Amino acid sequence: MNCAFTLEHYGELLEAAKTGGYRFASFAGKPRRGTLFLRHDVDISLDAALRMAELEAEADARATYFLMTQSVFYNLASPEGVRAINRLRELGHGVGLHAVWPGAESDDRFDPVLAWHNPEQDYMSQPVDGFVNVMEPPYFDPDHYRSDSNQQWRHGCPHEELAGGDFEWLQLLVHPEIWVYPGSTMRETMDAMLDAEHERRRGLLAEDRIDLS
Ligand SMILES: [Zn+2]
Ligand SMILES: [Zn+2]
């Protein structure tokens with residue numbers, strides 16, 4: 001199996017999790033044997049999040065998408081942002097807040113669950129009023145956590161361990177844009193994302209009645 005960061009291999013990871021007997025869980029309950037918290041921090045692209053969300057729904061997988069209200073890359077209050085949240089809900093996924101410290105304001109778009117964006121060690125695992133912080137115990141434990149940050153698994157791709165049921169439970173952090181856009185390095189993947197973004201924004205300009213003739 002080729003452990004590339006592609007949607008194809010992401011689908012194989014989901015299948016591996018099912019083979020290993022894991023249950024896709026929200027952060028509403030504490031981890032138990034077989035719990036798989038599938039967490040997506042949406043740092044850059046709602047489009048990428050939606051593509052991943054559709055694939056998961058087809059695979060009967062449930063995830064929690066953490067969306068930003070203070071992103072420099074997308075606007076959750078725009079029609080596109082509202083559509084994205086609605087679609088994620090329709091597909092059965094959870095929606096949490098991907099907050100920029102210290103701004104943790106809950107509103108009815110979000111489940112009461114929060115993940116800090118690029119957190120510092122000193123507050124990363126601290127409890128947050130009104131939310132489950134995904135990095136606080138018992139939801140976070142280094143032995144029960146894997147992340148694809150910057151297109152690198154610190155302990156290797158987890159598909160084999162998932163298929164073997166090796167984790168008692170797991171929080172798996174996956175960034176959609178890494179898997180949706182092609183590239184064997186983060187630089188290549190981000191360049192591919194920027195190319196797609198160019199086309200998407202051109203479409204938005206046309207919709208906004210900008211003369212592109
Ligand atoms: Zn793999
Ligand atoms: Zn983030």
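Throughout, a residue's number is its position along its own chain's written sequence, starting from 1. Throughout, the order in which chains and ligands are written sets their labels, letters from A for the former and numbers from 1 for the latter. In view of the model being predicted, local features appear only for residues whose pLDDT reaches at least 70, and side-chain atom pairs are presented and counted only at 80 or more, with totals across whole chains, interfaces and linings using the full set of residues. Heavy atoms throughout the structure, all of them, feed into the side-chain values; hydrogens and water do not.

Asker: So what about the coordination of the zinc ion (ligand 2)? Which residues, and what values?
Answerer: Because water is not among the atoms used, a metal site may look incomplete, as its donors are only the N, O and S atoms within 2.8 Å, or 3.2 Å for Na, K and Ca. The zinc ion (ligand 2) binds to the protein through Asp-43 (OD), His-98 (NE2) and His-117 (ND1), with metal-donor distances spanning 2.0 to 2.1 Å. Considered as a linear motif, the donors of the zinc ion (ligand 2) on their single chain read D-x54-H-x18-H. Of this pair, Asp-43 sits in the loop between β2 (35-41) and α2 (46-58) while His-117 sits in the loop between β5 (113-116) and α4 (121-124), and the two are 74 residues apart along the sequence. Segments assigned H or I by DSSP are reported as helices when at least four residues long, segments assigned E as strands when at least two residues long, and all are numbered from the N terminus.

Asker: Just give me the short version of the packing of aromatic side chains, but keep the residues and values in it.
Answerer: A pair of Phe, Tyr and Trp rings is counted when the ring centres sit within 6.5 Å of each other, with Trp represented by its six-membered ring. The angle between the planes then sorts it: under 30 degrees is stacked, over 60 is edge-to-face, the rest tilted. All chains considered together, the criterion is met by 12 aromatic pairs. On the basis of an interplanar angle of 70 degrees and a centroid distance of 6.0 Å, the ring pair of Phe-27 and Phe-66 is categorised as edge-to-face. Residue Phe-27 is found in the loop between β1 (23-25) and β2, and its partner Phe-66 is found in strand β3 (residues 64-67); the two are separated by 39 residues along the sequence. Exposure class is identical for Phe-27 and Phe-66. Each is buried. An aromatic cluster of three or more residues is present, and its members are Phe-27, Phe-37, Phe-66, Tyr-139 and Trp-169. Each residue is assigned to one of three classes by its accessible area relative to the maximum for its type, calculated with a 1.4 Å probe on protein chains only: buried under 20%, partly exposed between the two thresholds, exposed over 50%.

Asker: Give a detailed account of the coordination of the zinc ion (ligand 1), specifying residues and quantitative values.
Answerer: Only Cys-3 (SG), His-9 (NE2), Cys-157 (SG) and His-159 (ND1) from the protein reach the zinc ion (ligand 1) as donors, at distances of 2.0 to 2.3 Å. For the zinc ion (ligand 1), the single-chain donor residues occur in sequence as C-x5-H-x147-C-x1-H. You can see His-9 sitting in helix α1 (residues 7-19) and its partner His-159 sitting in helix α5 (residues 159-163), a full 150 residues away along the chain. By relative accessible area, which is 1% here, His-9 ends up buried. Given a relative accessible area of 11%, His-159 falls into the buried group.

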